[in-house]
Amino acid sequence: MTEFSFWFVIGLTVLSAAVVVLSNQLIYSAMALLLTLFGVAGIYVFLWADFIAGVQLLVYIGGILILIIFGIMLTNRITTVHISHSNIQQGYGGIIVVILMGFLGWMIVKTPWLQKQALEPEQTVATIGRLILTDYLMPFEVASILLLGALIGAATLSRSEK
């Protein structure tokens, strides 16, 4: 079941990343980016990087992606914007990508990989949380006030003056 879950998360991440790049609708790209970032957090969970998975969820999905979606929704006349992916060099880029992916695939298959039995590490969240709330409390609070000021400034600048 673990291997099926791993490949499901990998497939979800790759497919949603392709939708981010290939979609002509900006809001669909943002929603696919949501699934991509969830997939990346899932990959961190499989790597036993529980703290980084939590930070991925909180910072990238909870903060940055929500701001991107708010920016899309608050933009005036967003429905009249036409995003065109037509470019003369799009075919050349596709050929280069296929060649590079083939080369990387060949390297992955031909490389003698060292395989060891993985041991589950101890949890890191408790140690990092203790450090943030004791030794590094002041820099953590200063960073949060700085981010709050940036959010207030962005909201003030985005308001239309009538």
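Above this text sits the structure in question.
Residues numbered from 1 in each chain as written. Predicted model: local features only at pLDDT ≥ 70, side-chain atom pairs only at ≥ 80, totals over all residues. Heavy atoms only, no water.

Peer 1: Looking at this structure, how should I read unusual backbone geometry?
Peer 2: Peptide bonds are, in most cases, trans, and in most cases residues other than glycine have a negative phi. At W48, a residue that is not glycine, the phi angle is positive and equals roughly 60 degrees. You can see W48 is positioned in the loop between helix 2 (26–46) and helix 3 (50–74). Exposure remark for W48: the relative accessible area of 39% places this residue in the partly exposed category. (Helix = DSSP H or I, 4+ residues; strand = E, 2+ residues; numbered from the N terminus. Buried < 20%, exposed > 50% of the residue type's maximum accessible area, 1.4 Å probe, protein only.)

Peer 1: Just to check I follow, could you spell out the nonpolar core for this structure?
Peer 2: It is characteristic of soluble globular proteins that their nonpolar side chains tend to be buried jointly. Within the largest apolar cluster, 6 residues are counted, these being A30, L37, I61, L65, I69 and I72. Sorting the residues of this core by element identifies helix 2 and helix 3 as the ones contributing at least two each. When residues of this core are assigned to their parent elements, the largest contribution, 4 residues, is made by helix 3. (Core = buried A, V, L, I, M, F, W, Y, C linked by side-chain atoms within 4.5 Å.)

Peer 1: Help me out: how do you make sense of the layout of surface pockets in this one?
Peer 2: A water-sized probe rolled over the atoms picks out the places where empty space is left. Approximately 620 Å³ is the volume attributed to the largest pocket. Lining the largest pocket are 17 residues, with L58, V59, G63, S144 and L147 sitting closest to its centre. Counting only elements with at least two residues in the lining of the largest pocket, the list comes to helix 3 and helix 6 (137–158). Residue composition of the lining of the largest pocket, by class: 14 nonpolar, 3 polar and no charged. (1 Å grid on protein atoms, 1.4 Å probe; cavity = no way out; pocket = protein on both sides within 12 Å on 5 of 7 lines; lining within 4 Å. Points joined across faces, edges and corners; volume = space filled by probe spheres on them. Nonpolar A, V, L, I, M, F, W, Y, C, P; charged D, E, K, R; others polar.)

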